[in-house]
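Architecture and fold: a report
Next come the chains, spelled out residue by residue.
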Amino acid sequence: MSTVSAHVALTLARHIDHVFGVMGNGNAYFLDALERSTDVHFTAVRHEAGGVVAADAYHRASGRLAAATATYGAGFTNTLTALAEAVQAHVPLVLVVGDEPTSGPRPWDVDQIALASGVGARTYTVGRTDAAATTVIAIEHALTYRVPTVLAIPYDVAARDAGPVPEAPEPRLPGPLVPAGPFAEGAVERIVDALASAERPFLLAGHGAWISAAGDALGAVADAVGAITASTALGRGIFPRSEFDLGVAGGFGAEGAMELVRGADVAVVFGASLNQFTMRFGDLFAPGTRVFQVDVAPAATHPHVGGYVRGDAATVARAVADGLRARGAGPSGWRESVDVMPLRAYDGGEGVAADGRLDPQSVAARIGELLPEDRVVVSDGGHFIGWANMYWPVASPDRMIMVGTAFQSIGLGWPSVPGAALAKPSATVVLTTGDGGGLMALADLETAVRVAAGRGVAVVWNDAAYGAEVNLYGLKGLAQGPMLIPEVDFAALAAGVGAEGVVVRTLSDLDRLAAWSAEPAASRPFLVLDCRISGTVVAPYQREIIRVNS
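All of the points below concern the structure found in this document. (Residues numbered from 1 in each chain as written. Predicted model: local features only at pLDDT ≥ 70, side-chain atom pairs only at ≥ 80, totals over all residues. Heavy atoms only, no water.)

We now examine the pattern of salt bridges. Where charged atoms of side chains with opposite charge meet at close range, the side chains can pair. Under the counting rule described, the total for this entry stands at 27 salt bridges. As a salt-bridge pair, aspartate 374 and arginine 399 come within 2.8 Å of each other at their nearest N and O atoms. Highlighted residues: aspartate 374 in the loop between α14 (360–370) and β13 (375–379) and arginine 399 in the loop between α15 (385–391) and β14 (400–402), separated in sequence by 25 residues. A residue is classified by how much of its surface remains accessible, and arginine 399, at 17% relative accessible area, is buried. The structure contains a network of salt bridges with shared partners spanning Asp223, Arg241, Glu243, Arg335 and Glu336. (Salt bridge = Lys/Arg side-chain N within 4 Å of Asp/Glu carboxyl O. Helix = DSSP H or I, 4+ residues; strand = E, 2+ residues; numbered from the N terminus. Buried < 20%, exposed > 50% of the residue type's maximum accessible area, 1.4 Å probe, protein only.)

Another aspect to go through is the packing of aromatic side chains. Counted according to the given criterion, the structure contains eight aromatic pairs. Each ring, one from phenylalanine 20 and one from tyrosine 58, has its centre 6.0 Å from the other, and the planes form 50°; the classification is tilted. Separated by 38 residues along the polypeptide, phenylalanine 20 in strand β1 (residues 18–21) and tyrosine 58 in helix α3 (residues 48–62) bring together distant segments of the chain. Pair check on accessibility: phenylalanine 20 and tyrosine 58 agree, each one buried. Ring centres 6.2 Å apart and planes at 65° place the aromatic pair phenylalanine 202 and phenylalanine 285 in the edge-to-face group. Of the two residues, phenylalanine 202 is situated in strand β7 (residues 201–205) and phenylalanine 285 in the loop between β10 (266–270) and β11 (290–295); the sequence distance between them amounts to 83 residues. (Phe/Tyr/Trp six-rings, centres within 6.5 Å; stacked < 30°, edge-to-face > 60°.)

Here we come to the nonpolar core. Counting 52 residues, the largest nonpolar core has Leu95, Val150, Val378, Trp414, Val417, Phe526 and Val528 as its most contacted members. The greatest single-element share of this core, amounting to eight residues, is contributed by α3. Apart from residues no more than four positions distant in its own chain, leucine 95 is found in contact with Val52, Ala68, Thr69, Ala70, Phe76, Thr79, Leu83, Thr149, Val150 and Leu151. (Core = buried A, V, L, I, M, F, W, Y, C linked by side-chain atoms within 4.5 Å. Contact = heavy atoms within 4.5 Å.)

With that out of the way, let us pick up the pairing of β11. When a strand is regular, its side chains alternate between the sheet's two faces. The buried fraction of β11 is high, at five of six residues. Relative to β11, β10 runs parallel, the two sharing five bridges. Counted as the bridge partner of phenylalanine 270 is valine 294 from β11. Here four bridges tie β11 to strand β12 (residues 307–310), and the two strands are oriented parallel to one another. (Pairing = 2+ DSSP bridges.)

Next up on the list: the packing of helix α8 (residues 182–197) against helix α12 (residues 313–326). Running from N to C, α8 and α12 cross one another at 55°; their axes reach a closest spacing of 9 Å. One way to sum up the angle between α8 and α12 is to call them oblique. Two packed elements cross with a definite hand, and for α8 against α12 that hand is right-handed. Contacts between α8 and α12 involve Val188, Ile191, Val192, Leu195 and Ala196 on the former and, on the latter, Val316, Ala319, Val320, Gly323 and Leu324. (Axes fitted to C-alpha atoms, helices over the stretch in contact; angles between N-to-C directions. Parallel < 35°, antiparallel > 145°, perpendicular 65-115°, else oblique. Left-handed = near helix turned anticlockwise from the far one by under 90°.)

Inspection of the secondary structure assignment puts histidine 59 in helix α3. Classification of histidine 59 as buried rests on a relative accessible area of 6%. The contacts of histidine 59, once residues within four sequence positions are left out, are Arg64, Ala66, Val91, Pro92 and Arg146.

It is worth spelling out the side chain of aspartate 398 at this point. When you line up the elements, aspartate 398 lands in the loop between α15 and β14. Polar contacts involving the side chain of aspartate 398 include one to the side chain of serine 396, which spans 2.4 Å. A distance of 2.6 Å separates a polar atom in the side chain of aspartate 398 from a polar atom in the side chain of lysine 424. (Polar contact = N/O pair within 3.5 Å; in protein donor to acceptor, adjacent residues only side chain to side chain.)

Turning next to unusual backbone geometry. With a phi angle near 60°, leucine 274 is a residue other than glycine that sits in the positive phi range. For leucine 274, the position within the fold is in the loop between β10 and β11. Classification of leucine 274 as buried rests on a relative accessible area of 3%. The phi torsion at glutamine 408 lies on the positive side, around 55°, for a residue other than glycine. Inspection of the secondary structure assignment puts glutamine 408 in the loop between β14 and α16 (416–423).

This is how it looks when you write it as structure tokens:
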């Protein structure tokens, strides 16, 4: 018998290779069909939010459509924070869930369609005769709009016989957004004019440029005019010429590099939203800088933008490069006149802070020296996000996975590890998390250790506090009691699920990471570094937030 759930599983399996989640009453038949009748790999997590997070991280590291599953009711409501993050981060993901029977809700059912809609996700509900077609529609929606889509299977139809699985059409996806018409073409020409005449041209690229595979085209533009380049935190490494690249722009940028950006006379931004952190709360560019933006948003996303082109980053970059070649534009000479590498340097810290605990800058710098080069960094949210972004460079945007920052959530770190580990099966996966977020996501510590095994290392920034709140609201005089956490032994917690835990109280304790990195991944354990750091050292990006909110 081919059930409705089997129609969903078999149709979805044509477009995915991994599903993450927790089994329950509402998705048991779906998972049964997935396991028995497809080659899709199912990874069990320990909390439903972790299923969505792992799928989210899998997409960010692989570029493939993500898939997760949960049961109805409480299983579904557990996914909502992770679902909201994936919506705001524009992650194409299909969440297969059980739902109330077609006859109406039971006492333990909730209005799942309304809840999903409340965080920005659309729901498609399958029936007995249209399950395969509805599954394709959900996939098409997720890929077209780059957004999570909920695919609901009502409880009373999940096991119903639906006959042979029909041949469902392939999803139809739109092509790249091409600027069209005299106004758009004129806007592109204005960018060409500005770059051709610029004395100090600067290019900034974000995650949208990575999604559109704009790297080579952006490199051609940079070479044509001799531009210095930089990226957002989610676009790092996209420019081909690293010797002229300032690294990450905004609050994670090195101070010397950001001073140089303020010297640019023309700046063109490709595929970046220019949020408050990238823009350093309005201070990234000098008042005299002419700023242009290329993005797929309906309009410019920052008031400092003077010229806007709505279009795919790669398409527009190629048009700009063609325009510069057509007019014979030459390099400005700016980038050759600047020694970029020293400007990218960060403060190495004092080793030990005034309170006797480790300076997180020193810890981050030392870990950055010891980590394997072939790595993916996955980041939880919290005050500590600056340290990995500043001190642990990665090769490309699909190797810095920041699940939580779009929604400003913490507690999504541990389940990010299995998603990234399965997407990059040869790389070391490095988690950076705080003690607050680490405790919140503790259920999936076991999942991270089980899936990543010897390819996984976690750095827990343990300051016995919710650091961001202490830095902002503690300084304003608010009661700090609710901001503090009893110091937790994460090394001991790690040992309980088969990992090796190391309490790091001195920089020499990090020698274990050096030895671990030299061991074969197949024979070493998952490593958890419980770093007892000082809460008195404030990350530069957080100092900007404090300045703006003081």
